[in-house]
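Secondary and tertiary structure notes
Each chain is listed here by its residues.
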2 protein chains.
Amino acid sequence: MRISGLAAATGVPVATLKYYLREGLVPPGAATSRTQADYDDVHVARVRLVRALTESAGLSLAAVRDVLAALDDPPTSRHDLLGAAHHALVAAEGEGMSREEPGAVGDDEARRRVLELVAERGWCDDPLLVDRLGEQLRAADAAGVAVSDEYLRALAAAADRVAAADLSTVRGEPADALRQVVLGTLLTDPLLVTLRRMAQERASREAAEG
Amino acid sequence: MRISGLAAATGVPVATLKYYLREGLVPPGAATSRTQADYDDVHVARVRLVRALTESAGLSLAAVRDVLAALDDPPTSRHDLLGAAHHALVAAEGEGMSREEPGAVGDDEARRRVLELVAERGWCDDPLLVDRLGEQLRAADAAGVAVSDEYLRALAAAADRVAAADLSTVRGEPADALRQVVLGTLLTDPLLVTLRRMAQERASREAAEG
């Protein structure tokens, strides 16, 4: 199909498709003349993936590029694979996080709480994730939202349940498994956030009625 | 303090503070001359809140405005309060979601699955949340990520646990409770997402070793 066909098949405007092509997010089509190219189902799938990552998962195009690079060049062992998946996830999300100045108020306290939680649950202390969680705790604190140890443990227990479900979906060849972990996580984070609101509505109705 | 003091206290540049003031996100200081104003702890707290909502929760300034408007004008009854909280949350997040054209492939199927889940869990079928969850399911599907019914139920069960913990933190006067629900949810969504990755690392390590 021509680029207009790719636009029709994906619902993405031709100008946006040209931008994706220019940025290398979508591979070039097979040239049929000096100014035209032919696109197929591989292109349709890639455009839909880019669209889902930007619109639903909320990634920037730079983050999408990092994720696609990891997916396009999968490691061969399952162990490296899971490391690569997390590297891609963390890279995709690292941008946009504020960096507190060293020694900011509450810095040591938030970090201490994160390391305590990690030790308690037997999680690994990936420095990027520890830093990020510390920043998020400080941001909540700065906004006047108290996150108690009890509440943090409740979130962690829920996260363990989600992770167990996540890992149960991973099977098959490394390249497929990588795709499943990275895309599955990025595209189901928003589901989890929406489900939380739905569940809150019931919990709050019960509280109001009770 | 003068605006330079507000900048020093919050770590937010003067130019950004002026923008927040112009946009009404932070209330004006008490004028001390034609070109100067005095700011106090209320301003420091508000600037930190705006910063946390934009940087950690990832809201746009327009969404921050909607959230602050709801917090600044709280309803008087607890029942209205929880409705207002969800309205503010949904409004804050509604922007940026793609709208599928009516009749898009998979539209009815995703919606049917959402309504089935809502009925199964006794959640209420808030049209905004149902639409959003449907869109998110379609986005995952478009990106080639299969979300099985079993997996969706596992996420929903985890969401129920989080919501129970959320509601247990709500107490006090309606204005305080509204603040706690809205800010607590917006600022702990990122925590939940990070905790999920930490939990995945352990789960994947166990899978690799096991």
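Only a predicted model underlies this, so the values are computations on that prediction, with no experimental measurement involved.

1. Some points on the pattern of salt bridges
Tallied over the entire structure, the rule returns 24 salt bridges over all chains. A salt bridge links Asp189(A) to Arg197(B); the nearest nitrogen and oxygen atoms lie 2.4 Å apart. Taken as a pair, Asp189(A) in helix H9 (residues 174-209) and Arg197(B) in helix H9 (residues 174-209) lie in two separate chains rather than in one. Each member of the pair Asp189(A) and Arg197(B) is classed as buried. The partner of Arg51(B) in a salt bridge is Glu55(B), and the shortest N-O contact between them spans 3.7 Å. Taken as a pair, Arg51(B) and Glu55(B) lie in helix H3 (residues 41-55) at a separation of 4 residues, close to a single helical turn. Residue classification places Arg51(B) among the partly exposed residues on the basis of a relative accessible area of 25%.

2. Notes on the environment of Val67(B)
Along the chain, Val67(B) falls in helix H4 (residues 61-72). In sequence terms Val67(B) and His87(B) are 20 residues apart; their C-alpha atoms lie 9.1 Å from each other.

3. Digging into helix H1 (residues 3-10) of chain B
Residues and elements named next belong to chain B. All buried positions along H1 are accounted for by Ile 3, Leu 6, Ala 7 and Thr 10. Down the axis of H1, the smallest arc covering the buried residues is 100°, so these residues share one side. Each element contacted by the buried residues of H1 is listed here: helix H2 (14-22) and H3. At the C-terminal side of H1, Gly 11 shows a positive phi close to 75°.

4. A look at the confidence of the model for chain A
All names here are of chain A. When pLDDT is averaged along chain A, the result is 82; 83% of the residues meet or exceed 70. Every residue in residues 96-106 is under pLDDT 50, and counting partners more than four places away or in other chains gives 11 contacts. Here the complex is predicted with pTM 0.79, and the ipTM for its interfaces comes to 0.79.

So, how was this worked out
- Residues numbered from 1 in each chain as written.
- Chains lettered and ligands numbered in written order.
- Predicted model: local features only at pLDDT ≥ 70, side-chain atom pairs only at ≥ 80, totals over all residues.
- Heavy atoms only, no water.
- Salt bridge = Lys/Arg side-chain N within 4 Å of Asp/Glu carboxyl O.
- Helix = DSSP H or I, 4+ residues; strand = E, 2+ residues; numbered from the N terminus.
- Buried < 20%, exposed > 50% of the residue type's maximum accessible area, 1.4 Å probe, protein only.
- Arc of directions from axis to C-beta.
- Contact = heavy atoms within 4.5 Å.
- pLDDT = per-residue confidence, 0-100.

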